[in-house]
Amino acid sequence: MNLGDEAILEGILSGLRAAVPAHVTVFSRNPPDTLAGHRVERAVDPRTLTRREMAPEIEDLDLLVLGGGGILYDHDAEAYLREVFLAHEKGVPVIVYGISAGPLTTTAARRAVREALNACAVVTVRDRQGLRLLEDVGATREILLTADPALLLEPESLPTETLRAEGVEFDRHLVGFSVREPGPAAPDIDPVEYHAMLAHAADFVVERLDADVVFVPMERADVQHSHAVVAAMRNAERAEILRRRYSPRQILDLVGRFEFAVGMRLHFLIFAALRATPFTALPYASKVTGLLEDLDVEMPPLGSVGTGQLIARIDRSWDTHEEIRAKIKSRVPALQDRARRTNELLVELLRKSEATHTKEETGR
């Protein structure tokens with residue numbers, strides 16, 4: 001139920017389907033939603049099943065894919081790794097697919113990550129921060145730097161009439177906003193101050209660019225924060241919040257219609273990069289910082305950004321938006337090549353697994 005996670009799954013599946021025939025089971029918190037939104041044969045919620053009940057699900061696999069996304073962090077790392085340890089016990093190869101990692105500060109989480117990854121067939125990460133952290137926790141398996149699978153998505157046309165029904169007018173300049181809770185990058189920031197800062201930024205965009213602002217929630221919680229920002233705006237009548245549910249590919253199409261974007265969510269920024277939409281980012285986690293490094297786009301951590309600094313950065317970015325667009329266009333292809341490499345590694349593992357099974361069958 002998070003557009004970023006759905007984009008990751010869609011990116012993995014599109015590469016896999018283009019390369020080999022496969023029967024895919026997705027471990028999902030919401031199997032009906034996954035089956036409705038993706039071309040997969042099966043979906044299972046592992047959180048409702050015991051370890052013993054999950055064992056047959058794992059035994060049946062030729063390959064287990066862990067990822068992508070930021071799934072190895074203190075609170076949930078051990079939960080996400082349960083199926084990985086099961087796969088190791090059952091002799092099923094595991095590929096860690098373009099993940100991010102951190103924070104990893106607890107002894108238990110660091111040990112679990114180290115032991116799980118060292119027994120994996122392939123380990124790939126989508127940013128350098130994750131690579132360094134996994135090395136620091138003691139992972140000795142080679143860690144490969146690839147990229148987020150969502151970078152391989154293609155847009156799906158989102159009808160103008162649908163957006164007009166949401167209140168979006170296309171006879172004005174449009175600027176997209178993506179906001180969320182401040183997150184671990186700024187744990188001490190006051191929510192009221194945070195919403196006011198973003199409201200001032202949105203008002204500046206309206207007045208400076210004579211633009212309407214479109215808030216794009218990437219998951220349900222974002223709607224609440226978007227409303228709080230709009231409520232604090234002087235020009236609230238020039239802002240719209242998307243209410244309907246859209247696919248990642250549809251949002252990718254929409255972001256391409258924005259003249260500029262201001263975003264916190266990683267995949268909103270990835271969508272902007274894919275569509276060469278100039279943007280200003282508010283990093284709330286290392287995974288966002290990693291994308292900005294890859295695109296050579298500068299932005300200080302959220303905790304050190306005040307209203308004046310943010311507005312000044314938006315103003316400067318708008319003045320140089322064509323330069324930003326050109327820089328993004330020049331750097332995205334290399335990131336897409338890195339994303340394709342993860343799929344190539346996955347397909348190689350599948351073919352090795354198939355060859356092993358054929359040899360075993362022949363030996364019998």
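Read on for an overview of the structure. (Residues numbered from 1 in each chain as written. Predicted model: local features only at pLDDT ≥ 70, side-chain atom pairs only at ≥ 80, totals over all residues. Heavy atoms only, no water.)

### Some words on the overall build of the chain
Okay, so step 1: Along its length, the chain carries 14 helices and 11 strands.
Okay, so step 2: At 21 Å, the chain has a C-alpha radius of gyration in line with the 21 Å of a compact globule built from 364 residues.
Okay, so step 3: If one aligns the C-alpha atoms of the chain with their principal axes, the spans along those axes are about 75 × 45 × 40 Å.
Okay, so step 4: Across the 364 residues that make up the chain, the buried fraction comes to 54%.
Okay, so step 5: For the chain, the share of sequence-separated contacts (at least 6 apart) that also reach a separation of at least 24 residues comes to 71%.
Okay, so step 6: With the model as given, the accessible surface of the chain reaches about 16,400 Å², and the carbon-plus-sulfur share is 48%. (Helix = DSSP H or I, 4+ residues; strand = E, 2+ residues; numbered from the N terminus. Rg over C-alpha atoms; globule rule 2.2 N^0.38 Å. Buried < 20%, exposed > 50% of the residue type's maximum accessible area, 1.4 Å probe, protein only. Contact = heavy atoms within 4.5 Å. Areas by Shrake-Rupley, 256 points an atom, 1.4 Å probe, with all protein chains shown as cover.)

### Digging into helix H10 (residues 248–255)
Okay, so step 1: Of all 8 residues making up H10, 8 are buried, and the element is well covered by its neighbours.
Okay, so step 2: Inspection of H10 places Pro248, Arg249, Gln250, Ile251, Leu252, Asp253, Leu254 and Val255 among the buried residues, and these make up the whole buried set.
Okay, so step 3: Against helix H1 (3–19), helix H7 (160–165) and helix H11 (266–274) lie the buried residues of H10.

### With respect to the pattern of salt bridges
Okay, so step 1: Evaluation of the coordinates by the stated rule reveals 30 salt bridges.
Okay, so step 2: Linking Glu83 and Arg82 is a salt bridge whose minimum nitrogen-to-oxygen distance equals 2.7 Å.
Okay, so step 3: Overall, the relative accessible area of 22% leaves Arg82 in the partly exposed class.
Okay, so step 4: Notably, a salt bridge pairs Arg180 with Glu181, separated by 2.2 Å at the nearest N-O pair.
Okay, so step 5: Where salt bridges share partners, they join Arg172, Asp210, Asp212 and Arg238 into one cluster. (Salt bridge = Lys/Arg side-chain N within 4 Å of Asp/Glu carboxyl O.)

### Some remarks on empty space enclosed by the protein
Okay, so step 1: Considering all chains together, one arrives at 1 cavity of 30 Å³ or more under this definition.
Okay, so step 2: What lines the largest cavity is simply Arg126, Ala147, Asp148, Leu151, Leu266, Ile270, Lys287, Gly290, Leu291, Asp294 and Leu335.
Okay, so step 3: Elements supplying a minimum of two residues to the lining of the largest cavity: H11 and helix H12 (286–295).
Okay, so step 4: Ranked by the residues each element gives to the lining of the largest cavity, the list is headed by H12, at 4 residues.
Okay, so step 5: Within the lining of the largest cavity, the residues separate by chemical class into 6 nonpolar, 1 polar and 4 charged. (1 Å grid on protein atoms, 1.4 Å probe; cavity = no way out; pocket = protein on both sides within 12 Å on 5 of 7 lines; lining within 4 Å. Points joined across faces, edges and corners; volume = space filled by probe spheres on them. Nonpolar A, V, L, I, M, F, W, Y, C, P; charged D, E, K, R; others polar.)

### What to know about the sheet that holds strand S6 (residues 143–145)
Okay, so step 1: Read across the open sheet, the 4 strands follow the order S3-S4-S5-S6; overall the sheet is parallel. Here the strands that pair on one side only, and so sit at the sheet edges, are strand S3 (64–72) and S6. The mean inter-strand angle of the sheet, taken between neighbouring strand axes irrespective of direction, is 25°.
Okay, so step 2: Where strand S4 (residues 94–101) meets strand S5 (residues 122–125), 3 bridges bridge the pair, whose relative direction is parallel. Residue pairing for S5: Ile99 is matched across the bridge by Val125. (Pairing = 2+ DSSP bridges. Axes fitted to C-alpha atoms, helices over the stretch in contact; angles between N-to-C directions.)

### Re the layout of surface pockets
To locate leftover empty space, one rolls a probe as large as a water molecule over the atoms.
Okay, so step 1: Quantified by volume, the second largest pocket comes out at close to 530 Å³.
Okay, so step 2: Elements with a minimum of two residues in the lining of the second largest pocket: H1, helix H2 (31–37), helix H9 (220–231) and H10.
Okay, so step 3: The class makeup of the residues in the lining of the second largest pocket is 11 nonpolar, 4 polar and 10 charged.

### Overview of the sheet that holds strand S9 (residues 239–241)
As a general point, the strands of a sheet are linked pairwise by backbone hydrogen bonds and lie either parallel or antiparallel.
Okay, so step 1: Pairing in this open sheet of 5 strands is parallel, and the strands run S9-S8-S7-S10-S11 from one edge to the other. Each of the sheet's edge strands pairs with one partner strand only, and the pair in question is S9 and strand S11 (279–281). Neighbour-to-neighbour, the strand axes of this sheet turn through a mean angle of 20°, independent of strand direction.

### Some words on unusual backbone geometry
Okay, so step 1: Between Gly67 and Gly68 the backbone carries a cis peptide bond, its omega angle lying at -5°.
Okay, so step 2: With respect to the element layout, Gly68 can be found in strand S3.
Okay, so step 3: Cis geometry marks the peptide bond from Gly102 to Pro103; its omega dihedral reads 0°.
Okay, so step 4: Note on placement: Pro103 falls in the loop between S4 and helix H5 (107–118).
Okay, so step 5: Even without being a glycine, Asp296 presents a positive backbone phi close to 60°.
Okay, so step 6: For Asp296, a relative accessible area of 37% puts it in the partly exposed group.

### Some remarks on the packing of H10 against H11
Okay, so step 1: In contact at an axis separation of 9 Å, H10 and H11 are set at 55° when each is read in the N-to-C sense. By the angle class used here, H10 and H11 are oblique. As H10 packs across H11, the resulting crossing turns out to be right-handed. Of H11, the residues touching H10 (which contributes Pro248, Ile251, Leu252 and Val255) are Phe268, Phe271, Ala272 and Leu274.
Okay, so step 2: In the contact of H10 with H11, the residues fall into 8 nonpolar, no polar and no charged. (Parallel < 35°, antiparallel > 145°, perpendicular 65-115°, else oblique. Left-handed = near helix turned anticlockwise from the far one by under 90°.)

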